[in-house]
Amino acid sequence: MSAGSAVPTTTYLELSQEGGGAHKFYEVTVAGQVVTVRYGRIGAAGQTQTTSFASAAKAQAAAAKKVGEKVRKGYAPAVPGGRAPRAVTRRQVASAPSTARAVAPVLWRFDTGSSAFGIHVDDDRCWVGNQAGDVFTLDHEGEVLARFSLPDGVKCLVADDFWIYAGCDDGRVYDLSSKLPFAAYDIAADVDIFWLDIHEGVLNVSDRDGRLTVIDHEDEHQWTRRSQGEHAWMVRADDRAVYHGHHRGVTAYQPDGGGELWHTPTRGGVLFGWQEDDTVYAGTAHRVVQRLSKATGTVEATYACDSAVYSCATSPGGRFVFAGDAASSVYCFDRDGTRLWKLGTGGGSALSMQYRDERLYLVTTDGSLVCVDASEAAVTAAQQGTVPAVRDVKLAAALPTYAPATTATAVATVDRAPSGAVVVECVQDNGRLRVHVVSDGYDGSWNVQFPRAIRAAGARYVVDALHPAAGGFYRVRGEIRRLL
């Protein structure tokens, strides 16, 4: 870069490591007194930061410093487009018409506009995410409340306490707990993500190759294990283990990666997983759901369906077990495996499901979120041919839409922290960028889960609140503003 040049100059670097390491680019452009930095995963648009300096010479010096730092970390000059972006596998599914004699009592149906897998239902809202990158929230009666627009297709939605996350095809996991989504985790580019789970801030990722990758709340890789089988569509976690389902069965690992606890072959490859306190459930390609003991891996019960099982769920404590198959049917079983009913969904196969308060929520192959009345009275009436009129939910004309910040400048700046807000500071700690609380009354050693895309050493930010989470760290809730 020549000092004083009026022609913009660009330096493009990449860091691509074999065996599950980084797969990132870093680009620095100098145009007069302005330095623009673009960075992210190879093949993606990435994040952008723009800074103005007092002179062109100072801009050149700052750019040279940034490039030097990256080169020392292993980045090297490259040609954009020379390396392929991360691999993305979408589940290939077929959905046949249901053979059930009756149709489920559907209360309402919402068309998300694209094929969908992600679902989560809590006390207040229903969440659904699709392959167009849209996440919609609805109330339990089907009114659409808000829309989150994410950069890539949504693989799944997972909850950790009252935090909600969306795992996307771009390799990022977005925190949707506040109005402004942010990327809380970044997954290595060689991991072809199939499913995700988060437990006490620890992210567990299962992938195409049958690997299990574990990342902590500060987005740092902890450990990786390869299971006996590939195509790992199931991962569930709790305090005692991580349960990994793949085409050869279910394998349980110690939470710290210390070793395998047990492995149980299943009747067919695992296509979906669910868990209760003491048991895990595996829906398989050989038309069954199997209930396994978390302590030993022993198969305790088998629930037989009539086609490959795409999804499963339970009522609290496992009193009832539900399943959705490849033939657009939904089933309910008693705990011991007795089939209580089978009904058609009326609109494709259920790819994900969740039960709550006598309602069964399904995400189907046609991209719809479906609410089924699963009460005994409604099911009995449906079996006799009486079902309610289905209400087709429509989007509101002025629906609130939220998207993640794509540049650092998207974060508003303030000259003072409002009363009651919390100030955090980004600091270098043994070569890593950490976030510490600096407000009075807080312990500066507390760890904070914070958007990586806007971190900068020495920068201070104002957040509305920090909420404690298990594992000795805090999560940001509400708005984030940079403190001048």
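Residues numbered from 1 in each chain as written. Predicted model: local features only at pLDDT ≥ 70, side-chain atom pairs only at ≥ 80, totals over all residues. Heavy atoms only, no water.

Enquirer: With reference to specific residues and values, describe the sheet that holds strand β35 (residues 401-402).
Expert: Across the sheet, five strands lie side by side as β7-β8-β9-β10-β35; this open sheet has mixed pairing. Edge positions in the sheet fall to β7 (116-121) and β35, since each has one partner strand and no second. Taken together, the five bridges between β7 and strand β8 (residues 126-130) define a ladder with antiparallel strand orientation. In the sheet register, Val121 faces β8, and the bridge partner there is Cys126. (Pairing = 2+ DSSP bridges. Helix = DSSP H or I, 4+ residues; strand = E, 2+ residues; numbered from the N terminus.)

Enquirer: Explain the pairing of strand β28 (residues 320-325) residue by residue, including any values.
Expert: Consecutive side chains along a regular strand alternate between the two faces of the sheet. For β28, a buried count of five out of six residues is recorded, marking the element as mostly surrounded by other parts of the structure. Note that strand β27 (residues 309-314) and β28 share five bridges and pair antiparallel. Paired with Thr314 across the bridge in β28 is Val321. Once β27 ends, the chain turns through five residues before running back antiparallel as β28, passing Gly317 with a positive phi of about 75°. Both β28 and strand β29 (residues 329-334) contribute to a ladder of five bridges, which runs antiparallel. Bridging across to β29, Gly324 finds its partner in Val330. (Buried < 20%, exposed > 50% of the residue type's maximum accessible area, 1.4 Å probe, protein only.)

Enquirer: Residue-level account of the pairing of strand β26 (residues 299-304), with values.
Expert: Note that strand β25 (residues 288-293) and β26 share five bridges and pair antiparallel. Its bridge partner lying in β26, Val288 is registered against Ala304. Where β25 folds back onto β26 in an antiparallel hairpin, the turn is made up of five residues, including Gly297, whose phi is positive at roughly 85°.

Enquirer: Tell me about the nonpolar core, and please be specific about residues and values.
Expert: One recurring pattern in soluble globular proteins is that nonpolar side chains are buried together. In terms of nonpolar packing, the biggest core is built from 59 residues, with Ile187, Leu203 and Leu360 touching the most fellow members. In terms of nonpolar packing, the next biggest core, distinct from the first, is built from 16 residues, Ile119, Val128, Leu369 and Val393 among them. (Core = buried A, V, L, I, M, F, W, Y, C linked by side-chain atoms within 4.5 Å.)

Enquirer: Provide a residue-level description of helix α2 (residues 376-383), including the pertinent values.
Expert: Looking only at α2, the buried set comprises Ala378, Val379 and Ala382. Down the axis of α2, the smallest arc covering the buried residues is 95°, so these residues share one side. Exposed positions of α2 whose direction lies more than 90 degrees from the buried face are Glu376 and Ala377. Elements that come into contact with the buried residues of α2 comprise β30 (339-344) and β33 (368-373). Backbone geometry just downstream of α2 places Gly385 in the positive-phi region, at approximately 95°. (Arc of directions from axis to C-beta. Contact = heavy atoms within 4.5 Å.)

Enquirer: Could you give me a rundown of the environment of Gly210, with the residues and numbers involved?
Expert: Within the element layout of this structure, Gly210 appears in the loop between β16 (202-207) and β17 (211-215). Gly210 gets classed as buried once you look at its relative accessible area, which sits at 0%. Separated by 35 residues in the primary sequence, Gly210 and Gly245 place their C-alpha atoms 8.5 Å from one another.

Enquirer: Quick rundown of the side chain of Ser307? Include the residues and the values.
Expert: Residue position: Ser307 is located in the loop between β26 and β27. Setting aside its immediate chain neighbours within four residues, Ser307 contacts Arg287, Asp325, Ala326, Ala327 and Tyr331.

Enquirer: Tell me what's going on with the sheet that holds strand β12 (residues 163-168), and back it up with residues and numbers.
Expert: One open sheet holds the four strands; their spatial order is β11-β12-β13-β14, and the pairing between them is antiparallel. Edge positions in the open sheet fall to β11 (154-160) and β14 (182-186), since each of these has one partner strand only. Neighbour-to-neighbour, the strand axes of the sheet open up by a mean angle of 30°, direction not taken into account. The sheet contact formed by strand β13 (residues 172-175) and β14 spans four bridges and is antiparallel. Each bridged residue has a counterpart across the sheet, and for Tyr174 the counterpart in β14 is Ala183. (Axes fitted to C-alpha atoms, helices over the stretch in contact; angles between N-to-C directions.)

Enquirer: If you had to explain the pattern of salt bridges to someone new, which residues and values would you point to?
Expert: Oppositely charged side chains can form a pair if their charged atoms are brought close together. Summed over the entire model, instances satisfying the criterion amount to 18 salt bridges. A salt bridge links Arg359 to Glu141; its shortest N-O distance comes to 3.4 Å. You can see Arg359 sitting in strand β32 (residues 359-364) and its partner Glu141 sitting in the loop between β9 (134-138) and β10 (144-149), a full 218 residues away along the chain. Given a relative accessible area of 46%, Glu141 falls into the partly exposed group. (Salt bridge = Lys/Arg side-chain N within 4 Å of Asp/Glu carboxyl O.)

Enquirer: Kindly report on the packing of aromatic side chains, identifying the contributing residues and their values.
Expert: Applying the stated criterion to the full structure yields 17 aromatic pairs. Judged by centre distance (5.7 Å) and plane angle (65°), the ring pair of Trp195 and Phe272 falls under edge-to-face. Of this pair, Trp195 sits in strand β15 (residues 193-199) while Phe272 sits in strand β23 (residues 270-275); the two residues are 77 residues apart in sequence, bridging distant segments of the chain. One exposure class covers both Trp195 and Phe272, and it is buried. Sitting over the face of the ring of Phe320, Arg319 holds its NZ or CZ atom 4.4 Å from the ring centroid. (Phe/Tyr/Trp six-rings, centres within 6.5 Å; stacked < 30°, edge-to-face > 60°. Lys NZ or Arg CZ within 6 Å of the ring centre and 35° of its normal.)

Enquirer: So what's going on with unusual backbone geometry? Which residues, and what values?
Expert: Excluding glycine, a negative phi dihedral is what most residues carry, and trans is how most peptide bonds are arranged. At Glu200, a residue that is not glycine, the phi angle is positive and equals roughly 50°. Here Glu200 is to be found in the loop between β15 and β16. The phi torsion at His231 lies on the positive side, around 50°, for a residue other than glycine.

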